[in-house]
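# Per-entry structural report
Listed below, chain by chain, are the residues.
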Amino acid sequence: MPTSTARSAGRLFAPRRLLLLGVILGSGLKPASAGGPTSGLATPTFNRDVAPILQARCLVCHRRGQVGPFPLETFEQAGKRGLDIAEAVEERRMPPWKPVAGFGPKLAHDRSLTTGEVNVIRKWVEGGMPRGGDRDLPMPRTFEDGWSLGTPDLILEPLEDYVLAASGPDVYRCFVIPTDLPADVYISAVEYRPGNPRVVHHVMALVETGRQARAKDLADPGPGYTSFSGAGVDIVGDLGGWAAGNDAARLPEGVARALPKGADVILQVHYHPSGKAEVDRTRIGLHFAKTPIRQTLQWVGVTTHDIQIPPDRNRVEVRARWTVPVDVEVLSAAPHMHQLGREMRITVTHPSGRTSNLIRVSDWDPAWQGTYSFDRPIRLVRGSIVEVVAHYDNSAHPRNPNQPPKLVKYGVESFDEMCVGYLGIVKTGQDLTQPNQKDDLFAILLDQHRRMRYREQFAPVRRRR
Ligand code: HEC
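Residues numbered from 1 in each chain as written. Predicted model: local features only at pLDDT ≥ 70, side-chain atom pairs only at ≥ 80, totals over all residues.

## Some words on the sheet that holds strand E10 (residues 264-271)
What counts is decided by this rule: A pair of strands counts as paired when DSSP detects no fewer than two bridges linking them. Each helix is a run of DSSP H or I of at least 4 residues and each strand a run of E of at least 2, with the numbering of both proceeding from the N terminus. With C-beta atoms placed from the backbone, a contact is any residue pair whose C-beta atoms sit within 7 Å. Axis lines are fitted through C-alpha atoms, for helices just across the contact stretch, and the angle between N-to-C directions can take any value from 0 to 180 degrees.
What the five strands build is an open sheet, ordered E7-E4-E10-E6-E8; its pairing is antiparallel. The strands lining the two open edges of the sheet, one partner per strand, are strand E7 (225-226) and strand E8 (237-243). Of the pairings in the sheet, the one linking strand E6 (residues 200-208) to E8 comprises five bridges and is antiparallel in character. Among the inter-strand pairings, Leu206 is bridged to a residue of E8, identified as Asp238. Helix H5 (residues 212-219) contacts strand E4 (171-178), E6, E7 and E10 of the sheet and is inclined by roughly 120 degrees relative to E4.

Right, dumping it as structure tokens:
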């Protein structure tokens, strides 16, 4: 049975006819305010130089009760692991941030450390990890435990807690939450509150109107149902997602995503067992648009189903492309592969013949899949060609679900593979506040999709992840 409910915390605002849109997911970490000396005689101290970096860049995950496996709040905690910390930041494993620096346009919410910050940590460790003077220690950083964007207009949560077993493989659980919205609404921000941040790795909110997810929920014992790649049903849109360490972000002024009346929201939660049984109930808060909406956000998945990855090959290339049917602005990008994925880059060939880069992830890890927002919208004129190039490793590495490796094809299960470059786009120049303007980007994409010989070339509707 549907084990979920919706709570309305405000009145509906700006009901509008709508199609579907997607997500902007931001991480919003603030840059370190003090980096300390990066060269010269003085050895950096913990209190003066290192603590501010850890506060700004690490504590969002490495504090009690969060996803990081140990806290880094005090001198003692950091000192114990000084060498590990220096190595993790120098090798750019930490903080987790997958896009390759400098490949495409500047990304918003970049949480990677500056070279100066890495140097401070390295020199502190090399210098014997001095504590420094008490007066230098910054005030402890406080974290917002409530809704950081204010009280949402609509809070959605499953009706029951989910109990995660102490050990075993990661769990991808879908909770179906009826919205009971009497009219379509524009959503300008979505805030995620993981109930138990120790085990919630990431969350995705998908929108469905066909009631298929309710049937799946009924058929699977316990709250919700299990599904690896997205909700396993035909969705009509999504409300973005959250990954450990991300802050809530609003869509740009005048841009919104749409939620149709009567829709069900499916919360797909990716759990990583912690070693003891854990209880979770993850909530999302929706903020309705309070200002006029000019553009609606739409997602396209530049993708192919033509995937054949032979066993024991460690660099198999898969390509997908999409011809842009109308002038658009790209607000964000989300590479998507499964366990064999190693690398993906998304590039553009403009009608002039000029090429440019959008984003590249060179050490893909399905546990850290992000949606990355560009610092400024990227304009693509009609006729531009977006190309996705992905590489897969089907050797016997630990992440390979098949031991020994075997031929892997397209599919939505964790042992299948996918190759999708999701792009969050708006139509250039669209102004829905003006008379006679239509919210037609979705219809344009759908029309292009229908006329295409290879239906799998890109997908305007079904964003299965
Ligand atoms: C977005 C959450 C997040 C942020 C931010 C983050 N970590 Fe981590 N960290 C993790 C998780 C989760 C693990 C466990 C291993 C994994 O899942 O990759 C981890 C593991 C580690 C490890 C041990 C494993 C390794 O790769 O060496 C170190 C050391 C570490 N983090 C240091 C840091 C430091 C230093 C910072 C800040 C500069 C930081 N982390 C920022 C989530 C985070």
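From this point on, the discussion continues.
## Brief notes about H5
This is how it is decided: Buried, partly exposed and exposed are defined by the number of other C-beta atoms within 10 Å of a residue's own C-beta, namely 20 or more, between the two limits, and 12 or fewer respectively, with C-beta atoms placed from the backbone. Note that the arc is defined by the directions from the helix axis to the C-beta atoms.
Among the residues of H5, those classed as buried are Ala213, Arg214 and Asp217. All buried residues of H5 project into a common sector of 105 degrees when viewed along the axis, lining one side. Contacts made by the buried residues of H5 are with E4, E6, E7 and E10.

## Overview of unusual backbone geometry
Geometrically, the link from Met94 to Pro95 is a cis peptide bond, its omega value of -10 degrees lying close to zero. If you trace the backbone, Pro95 turns up in the loop between helix H3 (82-90) and helix H4 (115-126). Of the consecutive residues Gln403 and Pro404, the connecting peptide bond is found in the cis state with omega at 0 degrees. With respect to the element layout, Pro404 can be found in the loop between strand E21 (385-392) and strand E22 (408-409). For Asn436, which is not glycine, the phi dihedral falls at a positive 70 degrees.

## Describing the environment of Glu91
The topology assignment puts Glu91 in the loop between H3 and H4. Sequence separation between Glu91 and Val118 is 27 residues; the distance between their C-alpha atoms is 9.7 Å.

## Focus: the sheet that holds strand E19 (residues 355-361)
One open sheet accounts for four strands, arranged E16-E21-E18-E19; its pairing is antiparallel. Only two strands of the sheet have a single partner each, and these edge strands are strand E16 (316-323) and E19. Sheet twist, expressed as the average angle between the axes of neighbouring strands with direction ignored, equals 15 degrees. As defined by bridge partners, strand E18 (residues 341-349) adjoins E19 across six bridges and the pair is classed as antiparallel. Residue pairing for E19: Thr349 is matched across the bridge by Thr355.

## Thoughts on the confidence of the model for the protein chain
Note the following rule: The predictor's confidence in any single residue is recorded as pLDDT, a number from 0 to 100.
Within the protein chain, residue pLDDT values average 85, and 88% of them lie at 70 or more. Of all secondary-structure elements in the protein chain, the lowest mean pLDDT belongs to strand E1 (residues 4-8), at 33, while E18 reaches the highest, 98. A low-confidence stretch, residues 1-39 stays under pLDDT 50, and its non-local contacts, those more than four residues away or across chains, total 146 contacts. Every residue in residues 460-465 scores below 50 in pLDDT, and together they form 22 contacts with partners more than four places removed in sequence or on other chains.

## Some details on the site of the ligand
Put simply, the test is: The criterion for a residue being near a molecule or strand is simple: its C-beta atom, placed using the backbone, must lie within 6 Å of it. Under the grouping applied here, Gly and all other residues not named as nonpolar or charged are polar, the nonpolar ones being Ala, Val, Leu, Ile, Met, Phe, Trp, Tyr, Cys and Pro and the charged ones Asp, Glu, Lys and Arg.
In the region of the ligand, 20 residues are neighbours, and Cys58, Cys61, Met94, Pro95 and Gly245 sit closest. If you tally residues by element for the shell around the ligand, the top one is H3, at four residues. When grouped by side-chain class, the residues that make up the shell around the ligand number 13 nonpolar, three polar and four charged.

## Observations concerning the environment of Asp153
Tracing the backbone through its elements, the reader meets Asp153 in the loop between H4 and strand E2 (154-158). Given 21 C-beta atoms within a 10 Å radius, Asp153 is considered buried. Separated by 133 residues in sequence, Asp153 and Leu286 place their C-alpha atoms 5.8 Å apart.

## Focus: the packing of helix H1 (residues 46-57) against H4
Pairs of packed helices are described in terms of their axes, by the angle between the two and the distance that separates them. Worth spelling out the cut-off: Should an angle fall under 35 degrees it is taken as roughly parallel, and over 145 as roughly antiparallel, whereas 65 to 115 is taken as roughly perpendicular and any remaining angle as oblique. The handedness criterion is simple: a crossing whose near helix is rotated anticlockwise from the far helix by less than a right angle is left-handed, and one whose near helix is rotated clockwise is right-handed.
The contact between H1 and H4 brings their axes to 10 Å, and the two run at 135 degrees. One way to sum up the angle between H1 and H4 is to call them oblique. In this structure, H1 crosses over H4, and the sense of that crossing is left-handed. Within the contact between the two elements, H1 uses Phe46, Asp49, Val50 and Ile53 and H4 uses Glu117, Val120, Ile121 and Trp124. In the contact of H1 with H4, the residues fall into six nonpolar, no polar and two charged.

## Notes on the pairing of E10
Among the eight residues in E10, eight count as buried, and that is most of the element. Side-chain alternation along E10 places Asp264, Ile266, Gln268 and His270 on one buried face and Val265, Leu267, Val269 and Tyr271 on a second face that is also buried. Two elements, E4 and E10, share eight bridges in a ladder whose sense is antiparallel. Bridging from a neighbouring strand, Ile177 pairs with Val265 of E10. Across eight bridges, the pairing between E6 and E10 is antiparallel. In the strand pairing of E10, Ala205 is matched with Leu267.

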